[in-house]
Structures are given as structure tokens and as C-alpha cells.
Amino acid sequence: MKKILIVFGTRPEAIKMCPLVHEFKKYPDIFQTKVCVTAQHREMLDQVLSIFEIVPDYDLNIMKEGQDLFDITSRVLLEIRPVLKDFFPDLVLIHGDTTTAFATSLAAFYEQIPVGHIEAGLRTYDLTSPWPEEANRQLSDRLCKYHFAPTQRNADCLLSEYISGEHIVVTGNTVIDALYWVIKKIDTNPSLKETLSKKIADFGYPSLHSSNHPIIQSSNHPIIQNEPKLILITGHRRENFGQGFLNICEAIKEIANKYPEVDIVYPLHLNPNVRKPVSDVLKGIKNVYLIEPLDYLPFVYLMSKSTVILTDSGGIQEEAPGLGKPVLVMRDTTERPEGLEAGTVKLVGTDKSKIVAEMSLLLDDKKAYDSMSKAYNPYGDGKSCERIVGYLRDNL
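These remarks concern the structure in this document. What you are looking at is a predicted structure, and each value in this text was computed from that prediction instead of being measured.

What follows is about the side chain of serine 105. Assignment of secondary structure puts serine 105 in helix H4 (residues 99-110). Reaching out from serine 105, the side chain makes a polar contact with the backbone oxygen of phenylalanine 102 at a distance of 2.7 Å. In this view, serine 105 contacts Ile94, Val115, Ser140 and Leu143; residues no more than four positions away in its chain are not counted.

Written as C-alpha cells, this is what we have:
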């Protein structure tokens, strides 16, 4: 029996790793699987664990008020050391681009324990964007033995960096596994839809089924007839703090004024560097709803009801195309260029005029909208976890 330690610490990591935990649990005679969470994010992490019904075997609980990258890196290194010594796994699995992923891979390297990287090989080759995530990815990949790349492009990046191809496997992205799991859960439970709609209302956005929600029938806005138009926004990247966020907020304000019949919903990240500028510029605008952060289940439901998504998130670039939603990305670079090539996403940066122009095009031009919403999603088919576990079953 092989011992597997799956480590994650943030909400995005949890979303993408929880389906993998369940896949490993299908083979108790082959794998002894344990979960360690660093709790780099606390509340948002716990929400995802609850949805996927996972109780961690180890909880480092490192989150502290006012923590910075020095704090997170050092705490993960020091707190995970006794976990590695206690369980001493045959393989540690990390995910993506977080400080938890990098620090865990370094700790396992110090203990000479092999590491597998889920979502390996994503690159911008610009260490300042996304920051510090690009560095976390590159550093983690250098310390890993097994590389599970979502796409062939990601695998090619690893090979170009002289990383051995012996254990590079193209799997698709586990976020699509998670998305399909949640959508199935929602679609097969009508009462859950009503519960989620009410929860979204409780967090600050009126029920999607309420009678006072605007109904769009204007021939000037042909994308969704007889249903409300909804722009969903997420934004939290460090490289956008300061003037970048002010530009984004001014763009949203202009869009809100230009399209008063369109609802704009922005679940605000808890970071004060996000909440203050957004509140200062957008609070009080009638069709802008600044709501509290949603956990994963209602957020997926809200995504499914949206018309367009404006984001600086990495994961949403992969998830939204699976729901047929065009994505405008508020970054100058992306480590997910497959979406650009497929036409599911566009980069708009933090340029106010570009954000307004591209959003207006999608709201006004059905052909432009359809070309993005109906494009092929290059990020997976919902069987990524099955491929990862199958490979390790045969090769570990």
C-alpha cells in the first residue's frame, strides 16, 4: 500500500483537489490517503471542505491576521515538518500556484519525499504577472518528480525547461471534475436551486427568481431574451492593487451607467486592498451589487446564471467556458493561453476603455457573444482525477 499526502490551503486549491481526494478513496486497498490543509485561507477553505464532505487528517491552521508572504512561507515550512515525519508518505501531492504549494514542495524536498504537482506547467514567463504565483509554479515544478499537466501546451513548457518527460502526464484540469460534480448536484435537486438563490439574496443580491428582477426584452440587447442580464465580477490579484483596481472600478461604473438594465454582481474579496477602492467607487450605484464572498456551491450557481464574467481569476478562466460563459480577464498575461486560442476568453488588463469596449461588444453583438460562448473548452472533460490516480496506481 502506498501512502499519499494531499496538501492544500486555499479555496481554489480545495476546489481542484477535493475531487482527487474522493478518487483516491475509491482504492483503499492500494492507497492510504491523508489530507493536510494549511488553512492559508480559513473560512473560504472550510466552506469547500464542507461541500465536498472532507475532514482533513492534519490542519495546520496557519492563517493569522495581517499575514504576508514571509509569514505564510515560513509557517508552512515549520508546521508541515512534523506531519511529514509522522506520516512519512510515499508521495506528496500539491496543487497550482500558491505559497502553500511552493513551501510544501520545498519541505518535502528537504525530507527527500517525492512530490507530484497537480496543474503543472502553466506559464507566463513573467515573474511579475501573476505575482507571486508565476514564481510559485516555476519553483514548485523544479522540486517535483511527477507533473500532471492540464494541457499539452503545459507539458511542452515543462519539456522546454529540461524537466524529464518520464513522469509528465497530460490529464485535463481537475477544476472541470469539480464543476461537473457541483452542477450535477444542483441539477438533480430543485429545492437546492431555491436554497442557493435565497442564499445569494441573503448575501446582497436579490433572488434570481424574484418578481422584481428586471426582464430584458429590448431588441438592442439580443443576447438573452426574456431573462435578466447579469455581469459577474471577481477581482483580487495583488498585481492589480492600487491604480489598477481604481481603473477597473471606473470601468465598471461606466458600464453600469451605460447599461442600467443589466445587473452587475461583485462578490468582494475579504482583502481590504480590494474592498476599499471597490466600495469607494461603486457603492450606491443602483444596478451594482457588492455582496459578501460566496462559497463554492452558490458561486457556481451564480456563474451558471450570468451572461458575461469579468475576472482576474485563473480558475474561472477554466470553469466559465464549461458553462458557456464568455470571460474577460483583467490581466495583461495569462498562464492559460489555451482559452485565448480557443476563443473562450479575452485579455482586457486594467485598461478602462478596453474593459468597457469589450463588455459593450458582448452585450450588444449576438454574433460576438456566440463566438465566445459556444467555443470549445480546452481544459478538460471531467475525468482528470481518474487519469491522475490511474497513472499513480500503475507507476508509483
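Before going further, it helps to examine the sheet that holds strand S9 (residues 263-267). One open sheet accounts for six strands, arranged S10-S9-S8-S11-S12-S13; its pairing is parallel. With partners counted over all chains shown, the strands left at the sheet margins are strand S10 (288-291) and strand S13 (345-347), one partner each. Looking at each pair of strands side by side, their axes are set apart by 20° on average, direction ignored. Running at roughly 135° to strand S8 (residues 230-234), helix H11 (residues 296-305) makes contact with S8, S9 and strand S11 (308-311) of the sheet.

A word on helix H9 (residues 243-258). An ideal rise of 1.5 Å per residue puts 22 Å on 16 residues; H9 measures up with 23 Å between its terminal C-alpha atoms. Among the residues of H9, those classed as buried are Gly244, Phe245, Ile248, Cys249, Ala251, Ile252, Ile255 and Ala256. Taken around the axis of H9, the buried residues stretch over an arc of 160°, which confines them to a single face. Across from the buried face of H9, at angles greater than 90 degrees, the exposed residues are Gln243 and Asn257.

Our focus in this paragraph is the pairing of strand S2 (residues 31-37). With five of seven residues buried, S2 is to be regarded as a mostly interior element. Where strand S1 (residues 2-8) lies against S2, seven bridges are found, and the strand directions are parallel. Directly across from isoleucine 6, in S2, lies its bridge partner valine 35. Handedness of the β-α-β unit built from S1, helix H1 (residues 11-25) and S2 comes out right-handed. Direction of pairing for S2 relative to strand S3 (residues 58-59): parallel, over a ladder of two bridges. Looking at the pairing, valine 37 lines up with aspartate 59 of S3.

Per the counting criterion, the structure on display carries 24 salt bridges. With a closest N to O distance of 3.0 Å, glutamate 23 and lysine 26 form a salt bridge. What makes glutamate 23 buried here is its relative accessible area of 10%. Notably, a salt bridge pairs arginine 42 with aspartate 59, separated by 3.0 Å at the nearest N-O pair. Of the two residues, arginine 42 is situated in the loop between S2 and helix H2 (43-51) and aspartate 59 in strand S3; the sequence distance between them amounts to 17 residues. Overall, aspartate 59 belongs to the partly exposed group, its relative accessible area being 41%. Connected through shared salt-bridge partners, Lys16, Asp97, Glu119, Arg137, Glu318, Arg331, Glu335 and Arg336 make up one network.

One pass over the structure, following the stated rule, counts six aromatic pairs. Ring centres of phenylalanine 52 and tryptophan 181 lie 4.7 Å apart, and the angle between their planes is 25°; on these two criteria the pair is classed as stacked. Remark: tryptophan 181 occurs in helix H7 (residues 174-187) and phenylalanine 52 occurs in the loop between H2 and S3; sequence separation between them is 129 residues. What makes tryptophan 181 partly exposed here is its relative accessible area of 36%. For the ring pair tyrosine 205 and tyrosine 289, a centre distance of 4.9 Å and an interplane angle of 75° mean the geometry is edge-to-face. Linking tyrosine 205 in the loop between helix H8 (190-202) and S8 with tyrosine 289 in strand S10, this pair joins segments that are 84 residues apart in sequence. Here the guanidinium or amino end of lysine 3 rests over the ring plane of phenylalanine 87, the centre of that ring lying 5.2 Å away. Of note, arginine 11 hangs over the ring of phenylalanine 299, and the distance from its end group to the ring centre comes to 5.5 Å.

Reading the values: the criteria
Residues numbered from 1 in each chain as written. Predicted model: local features only at pLDDT ≥ 70, side-chain atom pairs only at ≥ 80, totals over all residues. Heavy atoms only, no water. Helix = DSSP H or I, 4+ residues; strand = E, 2+ residues; numbered from the N terminus. Polar contact = N/O pair within 3.5 Å; in protein donor to acceptor, adjacent residues only side chain to side chain. Contact = heavy atoms within 4.5 Å. Pairing = 2+ DSSP bridges. Axes fitted to C-alpha atoms, helices over the stretch in contact; angles between N-to-C directions. Expected span 1.5 Å × (residues − 1). Buried < 20%, exposed > 50% of the residue type's maximum accessible area, 1.4 Å probe, protein only. Arc of directions from axis to C-beta. Right-handed = clockwise from strand over helix to strand, strands pointing away. Salt bridge = Lys/Arg side-chain N within 4 Å of Asp/Glu carboxyl O. Phe/Tyr/Trp six-rings, centres within 6.5 Å; stacked < 30°, edge-to-face > 60°. Lys NZ or Arg CZ within 6 Å of the ring centre and 35° of its normal.

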